[in-house]
Every structure is written in structure tokens, then in C-alpha cells.
Amino acid sequence: MKRYDFSSIEVKWQKLWEENKIFEVKTDPSKPKYYVLEMFPYPSGRIHMGHVRNYTLGDILARVKRMKSYNVLHPMGWDAFGLPAENAALKHGIHPAKWTYSNIDYMRAQLKKLGFSYDWSREFATCDSDYYKHEQRFFIEMYEKGLAYRKKTLVNWCPSCHTVLANEQVEDGTCWRCGTEVTFREMEGWFLKITAYAEELLEDLEKLKGHWPEKVIIMQKNWIGKSEGAEIKFPIPEIGEDLIVYTTRPDTLFGATFVCMSPEHPLAEKITEKKGLTEGLRTLIEKVRKEKRDIEAGLAKKEGLFLQTYAIHPLTGEKLPLFAANFVLMEYGTGAIMCVPAHDQRDFEFAKKYNLPIKVVITPKDKKLNLEEMNSAYEEPGIMINSDIFTGLDSEEGKRKVTFYLEEKGLGKRKVTYRLRDWGISRQRYWGCPIPMIYCEKCGVVPEKLENLPVVLPLNVQIDSSGRSPLPNYSEFVNTTCPKCGSPAKRETDTFDTFMESSWYFARFACPKFPEPFNREDIKYWLPVDQYIGGIEHAILHLLYARFFTKVLRDLGYFDLDEPFSNLLTQGMVIKETYKCPVHGWLYPEEVSSEGKCLKEGCGKEVVVGKFEKMSKSKCNVVDPDEMINKYGADTVRLFIAFAAPPERDLEWSNHGIEGAFRFLKRLFNLITTHAENLREISYIEEELKSLPKNLLKLRRKLHQTIKKVSEDLETRLHFNTAIAAIMEFLNLLEDTLKEVSVEDEKVKKVLKECFEKVLLLISPICPHISEELWEEIGHKSFISLEAFPKYDPELIKEDTFILVIQVNGKVRDQVEVSVELSKDEIVKIAKERPKIIKYLEGKTLKNVVFVPKKLINFVVS
């Protein structure tokens, strides 16, 4: 073995860990448990540095907790269904199943090379029928409880992926996976009633405060979007019906001067048929569907169609013109609004465009609004005016009193609404879990019998490059019999949204081999997940769905759990600088000369060094984990990842930084192997290390202070970078001390053995392979990964000296190390007699001495 042959060391210990199954765990109520989980990956082909960072952070914590005597569950699996895998397989011209399982094999090997302490006996892929059969069961039970339903609706459609997208999967009007602009289609599809849990999802965010990042909590709150207001009846005499509007500002009711409804509102169709405006309404509907994304973002120009009809104001009896307007969407509120142009900017712009009246009913407390001078709506709270019996009320109080009055008179009622919409889970793609529903001409829509599950996704189908699902045309799959009456029937050919699989996988890890969905004993012991780790990009999609699924499974009787993840860490991205040539575009670092010139095809143009950006193949700033492992070893990669930045911050990749991590490990390796043979037979007890020379006592004191800091930083604060810095600082002192002592001295040997052991134990969660090797080198037969984390001696962490800062007139002039036992007078005397201070005090009048215990002394002179 070469002196720094870290690769051979890593292979050796990975093999021993696997052979001895040291990371496999069982449910054991006699031990405290700790469940650490990183968001599992799509088997996309190979892991990237973002994966490495995510899994390294989780593995460090898992190893620390294991050493702290916790029974640690640290599993790994594969989020294998869905668009990412299917699109990649189609691009490479192979079957998604073959592509997926091949990638899983490759990525598993990559993860093992990094030494992650996973319990591989619990591994599963979500495309395994043994996994998704339980998901099909959950769906059928939701259907029977009224939480799953089918309806025709306007859906988000990705023309590139040929599938429906949930609202949460549309980002700035584009598909979350491929970036194609999303359009709208009216389609039948399956939905889960997440809105039934809107209030609980919102309320339970309070339980997560202090345990989840505040940003994630705010994002979920905003997405759920609770608003409190009133539903108000506006009679339409011409058709003999009431139009129900929703408003969050009942205090402005007296300022309503017109009413708008969605072009798709049922009453709009009824009125336009009567008035002969059907063609105009149809044109407006088509335009709204095309511009829906801009309308939702508030970017579309306000347009309306006057319906030649009037609604009656419920309190004043005034006739208010009724419009179908593009900015009112059927899926929000009731699909109709009262319009108060003086106090809503959107209504203000519409009123100006169509020359509609504007009436001020809320005025600021300190001034009166002049309608002629208003260039925009006044939307702030204030005092109600021109509002009959409510005039003079504070507008916030007015909201309550107006609503109460409307309820009393039978003209309206209090109403809470949510921005959150039910989760559309139907996908018109092949590579997904089949939806276990059957269509029978006699019985209608019927769920498959539970005993017939799983409805297996057929693998022997022809898939073309278009991305369209082959299932509708695959008769062996489609044609079946009705579970209810036995007549010929057809299967549902849509598949589940891939986020279904990731919404409950964390619970299956507790009992992956159990024949039923869950083993109650295992679930009770392991859940919730104690520490969940993943990217902020999952704040709404995955994390909201997982919270919803947990509450549903609780209500279906599977477990007693309100929230799936007790603590959440959203790690930053791994970013790297970019290089761009004006001729050849993005360049790899090796294509740039030391003078900053483009080397491609002898170009020679000045290269622009860009900002640090997320690693991307298109920008040529990707770092291959395999390449780094082969060059430096897994421990070096892990050390750099943990040291380069706090977990929640973006990590700037630096070749200089990883070189530094490599040098540190070589230095540690060299230091310990140099003395290992001399220390193998050395043993010690803590008591005999109490009486030591000053330099060795100082070293032990620093060691135990380091143990305290590293323990707190690794386990409690998750400040892995500062923990590593503390270990490095201690190593510096250790090397300096070794220059002052004889390593043949017995006391020195004992202190050195303690230092080596404790340092290896401290760094082993971060660099497990080299720690195992050096642990063995100094005479141990056990796995360091299973050793107890070191404890500090409370007496030794107390400082016996401190650095006194000496100031003269507030400016630092000197500093000196002094004993904590000295009195104030003794410290003042030492400070006065310092040569650097004498010259500042000579010939001056000492007016005052400011003394801050254990910190500083300031001589005030004139």
C-alpha cells in the first residue's frame, strides 16, 4: 500500500463495513432512536456534486448520532418513476425500466464509494410493484373516503412532455421539468382533495417553527393562501337569481359601483344566451385561456364584456352594471367579485378604461381623499365614510360589523377561502404507477379489488420517441373485467404523478419488507423523521404533499402522526465560476490559459470569468464526483464539502480548497503513522493525566475544549465547517507541542495517545475511511464507526489564563496572557509594567482605569 493510497484504504473499509453489516438496524424500543434522511434521488444516470453535498451532510449527522448511542436509521432508495427517467430513456432510445435499473446500479456504486453509512438492506425503488401496490391501496381508500375524485377541468398541459401538470409544477408559466411554456386543456382527470386539509396544513406550520427554515414555512403559508372575508348576494332581477360574490374587504361594500364575473361563470352563459352575446363571451373565454398565466401574474390588460344586465346592491338597492371580465377566474373564490375602484387598483384601472363611476368609502385617518386628484386606488386601512350606519368606523372593525349585519339580514355570510387547489394527480405518461380504477358501462367508475393489487405496469410495450403513453393502445392492459359485476370493462390508462411516490416513502423505510403497507410497531418507533435534508426547491411541491399524505394516512388508521419531518435542513447549492469566450461560448477551465485567453482552436480571445453559478453541463462548470474521488479520495471530497461553507449556504467549488483538504488529510495521516508504532501498546487512565507539565496540560485543555465545540457543532448546530476548523486548530497546537517535548517520555506518550484517539473519533464522522485505518494503526481492533463519541472533562474546559487586551485612551497598545486567579490590582500592576505601555503612560496624568474582567483594561490619560 502506498503511503497516501487513500483509494485502497477506502475500498478496504467499505468492504469490511458491508461484510459486517455494521449499519443495519432493527427496531429496539430499549434504545433511543434517530432517523436521518436525505431526499432520495431520481436515478438520472450519475450523482452530481449537489447529491454529494446533501448525502455527506446527512451521513455526518448519522455517524455522530450512532456514536452518541442512538439507534440510527439512515436509509437510501430511488425515486424511480416519472418524467425525468422516462424522458432520459426516450432520449437514449431504451426502455425506461432498463434505463432506470441500470442507473440505480451505477449510482448505488457511486454512493458506496463515498462511504455513506446507509442501511442498504432497506433499499427500494418506487417503480418496484412491491412498493407501488401499497400506493394503489391508499388511493382506493382515499376514493372510498371521498378524498379522491375525477372531474373535467381546465388543466395545465405541457406540450413537450405530453402530460398534465399540477399547479405546483408550473414555474413562471413553464414546465418544472423541461422548461416548455405550459398551455391549458380541458380534460378529465383524477384529483386528491388536499383542500380538505388546508386549515390543518396551515395551523401545523406553527409546530414546525424553530425546526424548519422560516423561508419554507412562509412559502407554504403563502401557497395555502388563507383569506378571510364574506360571500355577499347581489340579486340579478332579469334572470331571477342571486350572484354570490366573494370579497376580503366587506368594509368597502358601499363603494361598489359595478360587478364582474368570470367569463366561465354559469350565470354568464345564461345571461349572454338571453342577450345574444354568446359569440362575444366565447371569444373572451378563449382569450382568457390563452392568457391565463399572465392574468394570474397580473400582467394581462384588463378586459371585459358588458352583459347588458344589472345586479342590485344588497344594501343601497343601486343598479350596478354587470361585466364578464378577464381578471376574474372561476377557480378563485366564487368566480364573481364586487368592484370597488376607489380601493382596489385592478378595479380602478378597469373603471377608468370603461368610464365607470368611482366612489370613495375609506379615507386615511390624517387626511381626506379628493376623487379628482386620485391617480390610483387607496388600498390601505382607514376610516369608513359614505357608508350609512357604518360611517366613522375604523375599516378593520368595519369588516366585522358589515359582515355581521349581512348575516343578520340574510344577505351574506362570513367565508374563509384558500389559494390552495386540489392536487391533480393524473399523468398521460407511461412510466408511472397505474391508477387502479376501472370503467364499466354498467357500474360506472369502480376501484380495483384490494386483493387484485398491484395493477402492474406492463413492461413489454412499444414506446416511441413522441413521449405519448402506449397504455391506451395496449389491449392486454386496457381490457379487463369489472370487479363489481364481472362485465367487460376498461382500465384507467393515466398514471400517478411521480410526487405520489415521494409523499410516503419515508414511512416505508421503517418496514420495507413488511407484506402490509406498514408495521405499526416499526412506524411507532421510527417516525417521525428526526432530521430531513434536501433542497429549498422542494419547499412547496414535495414537502407540502408529504405533509398532506401523512395526515391522510393518519386518518386512514395507518399511524398516529401529524407531521412527517421534525427538523428540516435545506442545504445550499454547489456553485462554480464560469468562463465564456466571445467566439466559442462557455469553456471548461482547461480551455482557458493562465493569462485568461481562450485556448480552443487557437482562438486567443479574452475570456470573461463569470460569477459563481449552479453547476450545469451547458455552462461547462460541472465537477465530476468520480473524478474527484479517484484523484483525492472520498474522505477528501467529504472533508471539503463539509468545510467549505455552512450547510444552508451555497458552496463555492474551489480547486484550491479541495487541494487544501487533501493536504490536511495527508498531514494527519503522516502525523499519526509516524508515531503509531510507538503508541500501540500505550494505555492510560484519565486520572494519571491530571498532573502534567504546563505545555501538556495546555494541550489537554485545548483537546477537551475542542471535543466540546465539535460535539455541539456537529450534533446540535449542524455547523460542520466550524467543527472542522476547531479540529484543524487543535492539530496545529499538537504539532507545535510535539516540537517542545520528547516523544519517548511516558507521560508524553499517554497524552499523545489520548490526543490521537480523540482527534480520530472527532473527525471520523466526516472522514470515516482514514479514521478507521489510523484507529487500527494505533492498536485498536474495533470499528471506529461504532465507538462512542468522546466526552470532555468539565474541569479541563475551564480556562486558567486569558488574554488581557491593554488599551490607552481606547486604542489597543498591547496584550498579555495572565492567570484568572489574579486580582484586579495585580492585573493593573502587570499591565502598567509592560514595556509597550510604559512609554504611553510616561509624563501623563492617569485619570481613570477601565477594567473589564477577563477581557481588557483601558488606561485613560491626559
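The following refers to the structure shown. (Residues numbered from 1 in each chain as written. Predicted model: local features only at pLDDT ≥ 70, side-chain atom pairs only at ≥ 80, totals over all residues. Heavy atoms only, no water.)

**Thoughts on the pairing of strand S11 (residues 304-312)**
Heads up, the condition is: Two strands pair under a simple rule: DSSP has to find at least two bridges between them. Only DSSP runs of H or I covering at least 4 residues are called helices, and only runs of E covering at least 2 are called strands; the numbering of each starts at the N terminus.
Pairing of S11 with strand S12 (residues 319-325) involves six bridges; the strand directions are antiparallel. When the bridges of S12 are listed, Ile-312 appears paired with Lys-319. Between S11 and S12, which pair antiparallel and follow one another directly, the connecting turn spans six residues, one of which, Gly-317, has a positive phi of 80°.

**Re the nonpolar core**
Operational definition: Nonpolar cores were defined as sets of buried Ala, Val, Leu, Ile, Met, Phe, Trp, Tyr and Cys residues, with membership established by side-chain atoms within 4.5 Å. Throughout, exposure labels follow a simple rule: accessible area from a 1.4 Å probe, protein chains only, divided by the maximum for the residue type, with under 20% read as buried, over 50% as exposed, and the rest as partly exposed. Whether two residues touch is decided by their heavy atoms; if any such pair falls within 4.5 Å, the residues are in contact.
By size, the foremost hydrophobic cluster in this structure holds 191 residues, and its most contacted members are Trp-423 and Trp-653. Beyond its immediate chain neighbours, meaning those up to four positions away, Trp-653 contacts Met-49, Val-574, Ile-575, Lys-576, Phe-612, Met-615, Val-623, Met-628, Phe-640, Ile-641 and Ile-658. In this structure, Ile-295, Leu-305, Ala-336 and Val-360 belong to the second largest nonpolar core, which totals 56 residues.

**Structural notes on the side chain of Ser-502**
Here Ser-502 shows up in the loop between strand S23 (495-496) and helix H15 (505-508). Assessed through its relative accessible area of 3%, Ser-502 is described here as buried. Those residues in contact with Ser-502, other than ones at most four positions away along the chain, are Phe-40, Asp-79 and His-542.

**Considerations on the side chain of Thr-480**
Examined against the element boundaries, Thr-480 turns out to sit in strand S21 (residues 479-481). Take Thr-480: its relative accessible area is 17%, and that puts it in the buried class. When neighbours within four sequence positions are excluded, Thr-480 is seen to be in contact with Ile-438, Ser-487, Pro-488, Ala-489, Lys-490 and Arg-491.

**What to know about unusual backbone geometry**
In this structure, the amide linkage connecting Leu-453 to the following residue, Pro-454, adopts the cis form with an omega of 5°. Its place among the elements puts Pro-454 in the loop between strand S20 (444-447) and helix H14 (475-478). Cis geometry is adopted by the peptide bond preceding Pro-528, which originates at Leu-527 and carries an omega value of 0°. Along the polypeptide, Pro-528 turns up in the loop between helix H16 (520-526) and strand S24 (531-534). With phi around 55°, Gln-308 is a residue other than glycine that occupies positive phi space. Tracing the backbone through its elements, the reader meets Gln-308 in strand S11. Residue classification places Gln-308 among the partly exposed positions, given a relative accessible area of 39%. For Asp-388, which is not a glycine, the phi torsion comes out positive at approximately 55°. Looking at the element boundaries, Asp-388 is found in the loop between strand S15 (383-384) and helix H13 (395-409).

**Observations regarding the sheet that holds strand S22 (residues 488-491)**
Under the convention used in this document: Interaxial angles span 0 to 180 degrees and are taken between N-to-C directions of axes, which are lines fitted to C-alpha atoms, for helices over the stretch in contact.
Strand order across the open sheet formed by four strands is S20-S19-S22-S21, with antiparallel pairing between neighbours. In this open sheet, the two edge strands, each paired with only one partner strand, are S20 and S21. Taken pair by pair, the neighbouring strands of this sheet meet at an average axis angle of 45°, ignoring direction. Two elements, strand S19 (residues 437-440) and S22, share two bridges in a ladder whose sense is antiparallel. Its bridge partner lying in S22, Tyr-439 is registered against Lys-490.

**Let's talk about the packing of aromatic side chains**
Let me state the cut-off plainly: Between 30 and 60 degrees the pair is tilted, below 30 it is stacked and above 60 it is edge-to-face, where a pair is any two Phe, Tyr or Trp rings, Trp via its six-membered ring, whose centres lie within 6.5 Å. The rule for a charge over a ring is simple: NZ of Lys or CZ of Arg within 6 Å of the ring centre, and within 35 degrees of the ring normal.
This structure, assessed with the given rule, holds 47 aromatic pairs. Where Phe-81 meets Tyr-132, the ring centres are 5.5 Å apart and the plane angle is 40°; that geometry is what we call tilted. Here Phe-81 is found in the loop between strand S2 (71-73) and helix H3 (83-92), whereas its partner Tyr-132 is found in helix H5 (residues 129-144), with 51 residues between them in sequence. Look at Tyr-132 and you get buried, because its relative accessible area is 2%. Residue placement shows Lys-580 over the ring face of Trp-586; its charged tip is 4.6 Å from the ring centre.

**With respect to the environment of Tyr-35**
Spelled out, the test is: Nitrogen and oxygen atoms within 3.5 Å of one another constitute a polar contact, given that in protein one can donate a hydrogen and the other can accept it, and given that sequence-neighbouring residues count only through two side-chain atoms.
Inspection of the secondary structure assignment puts Tyr-35 in strand S1 (residues 33-38). A sequence separation of 309 residues divides Tyr-35 from Asp-344, and the C-alpha atoms of the two residues are 50 Å apart. Setting aside anything within four residues of it in sequence, one finds Tyr-35 in contact with Leu-73, Pro-75, Phe-506, Phe-509, Trp-526, Leu-527, Pro-528, Val-529, Asp-530 and Gln-531. At 2.7 Å, the side chain of Tyr-35 forms a polar contact with the backbone oxygen of Phe-506.

**Considerations on the sheet that holds strand S25 (residues 568-570)**
The four strands are arranged S2-S1-S24-S25 in an open sheet whose pairing can be described as parallel. Looking at strand neighbours, the two that pair on one side only are S2 and S25, the edges of this open sheet. Recorded for the sheet is a direction-independent mean angle of 15° between the axes of neighbouring strands. In this sheet, S25 lies alongside S24 in parallel orientation, the contact comprising three bridges. Counterpart to Tyr-532 in the pairing with S25 is Leu-568. Sheet strands in contact with helix H2 (residues 49-67) are S1, S2, S24 and S25, and its direction is about 170° off that of S1.

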